[in-house]
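Next come the chains, spelled out residue by residue.
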Amino acid sequence: MSETAPSGSAYDTTFDHRTDEAARADQFGRWDELRNACPVQVNRTSAPRPVWYVLGYDEVLTAFQDWETFSSDSVEAFEPDEAYEKKKRWIPVEIDPPMHTEYRALISSHFGPKAIAERADDIRQLACDLIDALASKGRIEFVAEFAKDLPTRVFLDIMGMPVDDAPMLLAWIDSLMHTKPEDDPDFAIRLGVRKKVMGYLAAMLADRRADPRDDLMSVIVTEPLKSGRPMTDEEALSMTFQLWMAGLDTVANALGYTFRYLAAHPEQRALIVDGTVTPREVSEEMLRARSVVNTSRVVKSDTELGGCPIKAGDRVVLSTAAANRDRDEFEDAEDIVFGRSPNRHIAFGAGRHRCLGSHLARLELEIVIEEWHKRIPDYRVPGDATIEDHVGSVSGLTALPLKWDVTD
Ligand code: HEM
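The notes below deal with the structure included here. Being a predicted model, the structure only gives us computed values, none of them experimental.

### A look at the overall build of the protein chain
Then step 1. On a plain count of helices and strands, the protein chain comes out with 17 helices and 13 strands.
Then step 2. For a compact globule of 408 residues, the expected C-alpha radius of gyration is about 22 Å, and the protein chain comes in at 21 Å, within 12% of that figure.
Then step 3. Across its three principal axes, the protein chain shows a C-alpha extent of roughly 65 × 55 × 40 Å.
Then step 4. Contacts in the protein chain between residues at least 24 apart in sequence constitute 70% of all its contacts with a sequence separation of at least 6.
Then step 5. With the model as given, the accessible surface of the protein chain reaches about 17,100 Å², and the carbon-plus-sulfur share is 51%.
Then step 6. Each charge class in the protein chain can be summarised by its mean position, and for the 48 positive and 71 negative side chains these summaries are 2 Å apart.

### Looking at the packing of helix H7 (residues 120-135) against helix H17 (residues 358-375)
Then step 1. Viewed as axis vectors pointing N to C, H7 and H17 meet at an angle of 40°, and their least axial separation amounts to 9 Å. Regarding the angle of H7 to H17, the classification is oblique. As for the relative orientation of H7 and H17, their crossing is right-handed in sense. Of the residues in H17, those in contact with Ala-120, Ile-123, Arg-124, Ala-127, Cys-128, Ile-131, Asp-132 and Leu-134 of H7 are Leu-360, Leu-363, Glu-364, Ile-367, Glu-370, Glu-371, Trp-372 and Arg-375.

### Things to note about the coordination of the iron atom of the ligand
Then step 1. Counting protein donors around the iron atom of the ligand gives one, Cys-355 (SG), at 2.3 Å.
Then step 2. Mapped onto the secondary structure, Cys-355 falls in the loop between helix H16 (320-323) and H17.

### Structural notes on the site of the ligand
Then step 1. Looking at the ligand, there are 29 residues lining it, with His-100, Arg-104, Arg-297, His-353 and Cys-355 nearest.
Then step 2. A distance of 3.5 Å separates an oxygen atom of the ligand from a polar backbone atom of Val-93.
Then step 3. One of the side-chain N or O atoms of Thr-295 is found 2.7 Å from an oxygen atom in the ligand.
Then step 4. Broken down by element, the shell around the ligand gets its largest block of residues, 7 residues, from helix H13 (residues 233-264).

### A short note on the environment of Tyr-57
Then step 1. In this structure, Tyr-57 sits in helix H3 (residues 57-65).
Then step 2. Discounting residues that sit within four places of it in the chain, Tyr-57 has contacts with Ala-323, Asn-324, Asp-326, Glu-329, Phe-330, Arg-344 and Ile-346.
Then step 3. Looking at Tyr-57, its side chain comes within polar contact range of the main-chain oxygen of Arg-344, at 2.6 Å.

### Quick word on the pairing of strand S10 (residues 315-319)
Then step 1. With 5 of its 5 residues buried, S10 lies for the most part within the structure.
Then step 2. The alternating pattern of S10 places Arg-315, Val-317 and Ser-319 on one face and Val-316 and Leu-318 on the opposite face, and all of these are buried.
Then step 3. As paired elements, strand S4 (residues 51-54) and S10 share 4 bridges and run parallel to each other. In the strand pairing of S10, Tyr-53 is matched with Val-317.
Then step 4. Pairing geometry for strand S7 (residues 294-299) and S10, over 5 bridges, is antiparallel. Across the sheet, the residue bridging to Arg-297 is Val-316, located in S10.

### Considering the layout of surface pockets
Then step 1. Taken as a whole, the largest pocket spans an internal volume of roughly 480 Å³.
Then step 2. Lining the largest pocket are 19 residues, with Ala-83, Lys-86, Lys-87, Leu-191 and Arg-194 sitting closest to its centre.
Then step 3. If one sorts the elements of the lining of the largest pocket by residue count, helix H11 (residues 188-210) sits on top with 4 residues.
Then step 4. Of the voids in this model, the second largest pocket is the one considered here, and its volume is about 260 Å³.
Then step 5. In terms of lining, the second largest pocket is formed by His-110, Ala-115, Glu-118, Arg-119, Asp-122, Asp-157, Ile-158, Arg-213, Asp-214, Asp-215, Leu-216 and Val-219.
Then step 6. Where the lining of the second largest pocket is concerned, the elements lending two or more residues are helix H9 (149-159) and helix H12 (216-222).
Then step 7. Taken together, the residues of the lining of the second largest pocket sort by class into 4 nonpolar, 1 polar and 7 charged.

### Digging into the packing of H11 against H13
Then step 1. Closest axis-to-axis distance for the H11/H13 pair is 9 Å, and the angle between their directions is 120°. Relative to H13, H11 is oriented oblique. As H11 packs across H13, the resulting crossing turns out to be right-handed. Between H11 and H13, the residues in contact are Arg-194, Val-197, Met-198, Leu-201, Ala-202, Leu-205 and Arg-209 and Asp-233, Ala-236, Leu-237, Thr-240, Phe-241 and Trp-244, respectively.
Then step 2. When its residues are assigned to classes, the contact of H11 with H13 shows 9 nonpolar, 1 polar and 3 charged.

Reading the values: rules and limits
- Residues numbered from 1 in each chain as written.
- Predicted model: local features only at pLDDT ≥ 70, side-chain atom pairs only at ≥ 80, totals over all residues.
- Heavy atoms only, no water.
- Helix = DSSP H or I, 4+ residues; strand = E, 2+ residues; numbered from the N terminus.
- Rg over C-alpha atoms; globule rule 2.2 N^0.38 Å.
- Contact = heavy atoms within 4.5 Å.
- Areas by Shrake-Rupley, 256 points an atom, 1.4 Å probe, with all protein chains shown as cover.
- Lys, Arg positive; Asp, Glu negative; His and termini not counted.
- Charge placed at Lys NZ, Arg CZ, Asp CG, Glu CD.
- Axes fitted to C-alpha atoms, helices over the stretch in contact; angles between N-to-C directions.
- Parallel < 35°, antiparallel > 145°, perpendicular 65-115°, else oblique.
- Left-handed = near helix turned anticlockwise from the far one by under 90°.
- Donors = N, O, S within 2.8 Å, 3.2 Å for Na, K, Ca; no water.
- Near = heavy atom within 4 Å.
- Polar contact = N/O pair within 3.5 Å; in protein donor to acceptor, adjacent residues only side chain to side chain.
- Buried < 20%, exposed > 50% of the residue type's maximum accessible area, 1.4 Å probe, protein only.
- Pairing = 2+ DSSP bridges.
- 1 Å grid on protein atoms, 1.4 Å probe; cavity = no way out; pocket = protein on both sides within 12 Å on 5 of 7 lines; lining within 4 Å.
- Points joined across faces, edges and corners; volume = space filled by probe spheres on them.
- Nonpolar A, V, L, I, M, F, W, Y, C, P; charged D, E, K, R; others polar.

All quantities given are derived from atomic positions and should not be read as evidence of function.
Right under this line is the structure:
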């Protein structure tokens, strides 16, 4: 409990998940240490206003569900005041009801179970092709060469964006989501990239408005909201931008953590290979124990959470990474138990903003776990590898070298 010091009924901390060296070395162990010390803590040092870390399962769930007190008006807790005031809200993730409901309804059927199930065969074929092409290599950088590739191609297909632009789009998402705060203290790099992405997406949306096709970008620019009007150019751009961020950066990160763990645990891999556990059981447990999203909320009225007095205007970081390893909710929470039951993890959030892409994400994860282990059952991280963990609002491994024996 070195960073935490009692201050009334709350706890003060200097912890900042984006820069904390201990978290970079052992992210999930660090969340455990902090949450076990105190499920709600406040950092009054590194942002223009107090930022509360909400780490306990019950507390995170409460904040997710109480959208009136914990508003989604911004999901970036550490942004400067000026950026907060000026920025265009991301749609739907930074919009509160009632408008949120309208926006979400416009696209939700495209990510629903039926629409995603219809894509399953194509996604499986793509996964098989990509893995087959890698199998004879014997050594790859898993994040760049596979984990990002598959979800990006699937997402670009859904949106109707050219797959040839994938390398550029991935470089942009990397700068935007994984630039270290100490390398970009005034947000200049990230704001610059955001501008480029916006220009790219705006041009593509203008094209779809003039010439609609059978893709999600065309839906976004042509279909009316429930109130009867189509979205403005600005709304359409904001929605496309948020989908783009969510579609490119999340599944890739979940795959990175999953394969890092499996590479180091041959006994767990054997359960997959011999069919003792299902791909669903593996992916659900990995989603729980290696959750990638630490989202944020703006507090709209004075309240109390976990016994801590939180003031209107404060920000809260809702760490699904910490909450999903809470011993009060999960037995032997720090252990990875495929087939754990119950497993009420909140890796996809909860309440109004619960992840719209969860069916797609689950399908991709399950297909990869199944098809990879059919082809490459035995693999490891080379002994000389150093692995860097980027801890942020969406966390992920910067790179993951993997090695396996190839026999002809
Ligand atoms: C393992 C993969 C994924 C994880 C762990 C994940 C997690 C989350 C979480 C925790 C939220 C809630 C954020 C908040 O309340 O502030 C969220 C929202 C969202 N996710 Fe995902 N996500 C994943 C994949 C995807 C994919 C592939 C897409 C689709 C392109 C997607 C689209 C969205 C959207 C649109 C929202 C906002 C929903 C709303 O505001 O109503 N996600 N996701």
